[in-house]
Amino acid sequence: QAQLAESGGGLVQPGGSLRLSCTASGSIVAIYVMGWYRQAPGKQRELVAVITSGGSARYADSVKDRFTITRDNARRTVDLQMNSLKPEDTAVYYCNAEMEPDGVGYGTDYWGQGTQVTISS
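Now for a quick tour of the structure. Being a predicted model, the structure only gives us computed values, none of them experimental.

## What to know about the overall build of the chain
Now for step 1: The secondary structure content of the chain amounts to zero helices and eleven strands.
Now for step 2: Along the chain, helices and strands appear, N-terminal first, in the series β-β-β-β-β-β-β-β-β-β-β.
Now for step 3: In terms of overall size, the chain behaves like a compact globule, its C-alpha atoms giving a radius of gyration of 14 Å where 121 residues would be expected to give roughly 14 Å.
Now for step 4: In terms of its C-alpha atoms, the chain occupies a principal-axis envelope of roughly 50 × 25 × 20 Å.
Now for step 5: Counting every position in the chain, which comprises 121 residues, the buried fraction comes to 40%.
Now for step 6: Across the chain, every contact between residues at least 6 apart in sequence was considered, and the portion connecting residues at least 24 apart equals 57%.
Now for step 7: Accessible surface, the chain as shown: approximately 6300 Å² in total, 45% of it carbon and sulfur.
Now for step 8: Put simply, the chain has 11 plus and 12 minus side-chain charges, and the middle of one group is 4 Å from the middle of the other.

## A word on the pattern of salt bridges
Now for step 1: Within the structure shown, the criterion is met by six salt bridges.
Now for step 2: A salt bridge links Asp 61 to Lys 64, with the nearest nitrogen and oxygen atoms 3.2 Å apart.
Now for step 3: Among the ionic pairs, Asp 89 bridges to Arg 66, the shortest N-O distance being 2.8 Å. You can see Asp 89 sitting in the loop between β8 (77–82) and β9 (91–101) and its partner Arg 66 sitting in the loop between β6 (57–59) and β7 (67–72), a full 23 residues away along the chain.

## Some details on the side chain of Asp 79
Now for step 1: Mapped onto the elements, Asp 79 comes out in strand β8.
Now for step 2: Classification of Asp 79 as buried rests on a relative accessible area of 13%.
Now for step 3: Side-chain polar atoms of Asp 79 contact the side chain of Ser 21, separated by 3.1 Å.
Now for step 4: Filtering out sequence-adjacent residues up to four positions away, Asp 79 remains in contact with Arg 19, Leu 20, Ser 21, Cys 22, Trp 36, Thr 68, Ile 69 and Thr 70.

## Some details on the sheet that holds strand β1 (residues 3–7)
Now for step 1: Pairing within the open sheet is antiparallel, and its four strands lie in the order β1-β3-β8-β7. The open sheet has two edge strands, β1 and β7, and neither has a second partner. On average, each strand axis in the sheet is inclined to that of its neighbour by 15°, with strand direction left out of account.
Now for step 2: One ladder, built from five bridges, connects β1 with strand β3 (residues 18–25); its direction is antiparallel. Of the residues in β3, the one forming a bridge with Leu 4 is Ala 24.

What counts as what
Residues numbered from 1 in each chain as written. Predicted model: local features only at pLDDT ≥ 70, side-chain atom pairs only at ≥ 80, totals over all residues. Heavy atoms only, no water. Helix = DSSP H or I, 4+ residues; strand = E, 2+ residues; numbered from the N terminus. Rg over C-alpha atoms; globule rule 2.2 N^0.38 Å. Buried < 20%, exposed > 50% of the residue type's maximum accessible area, 1.4 Å probe, protein only. Contact = heavy atoms within 4.5 Å. Areas by Shrake-Rupley, 256 points an atom, 1.4 Å probe, with all protein chains shown as cover. Lys, Arg positive; Asp, Glu negative; His and termini not counted. Charge placed at Lys NZ, Arg CZ, Asp CG, Glu CD. Salt bridge = Lys/Arg side-chain N within 4 Å of Asp/Glu carboxyl O. Polar contact = N/O pair within 3.5 Å; in protein donor to acceptor, adjacent residues only side chain to side chain. Pairing = 2+ DSSP bridges. Axes fitted to C-alpha atoms, helices over the stretch in contact; angles between N-to-C directions.

Dropping the structure here:
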């Protein structure tokens, strides 16, 4: 059974940095797009950054030039380096990946359990 596990959230002051990591595990034939989404209280979940298996990345305008998404296909990981953090970045951050489990024949969306990121002085 395929699954995603995140780590790295926490509390940091404005202007600080955090790094989120997500690892895929299970019997997986292929991992297509991986990415990070976030959901702040009272708001809809929104895309933060996504990256293809070939390394092409796309970012939300609100995080461009501050966040960097990277991926290690061999280790099945996707990381999000977050710099110059602002209070409005406070949210639960979710790892997402389209993965094809062994024996299924097609990709399916998977989500991690979420990790809290709080930016506050």
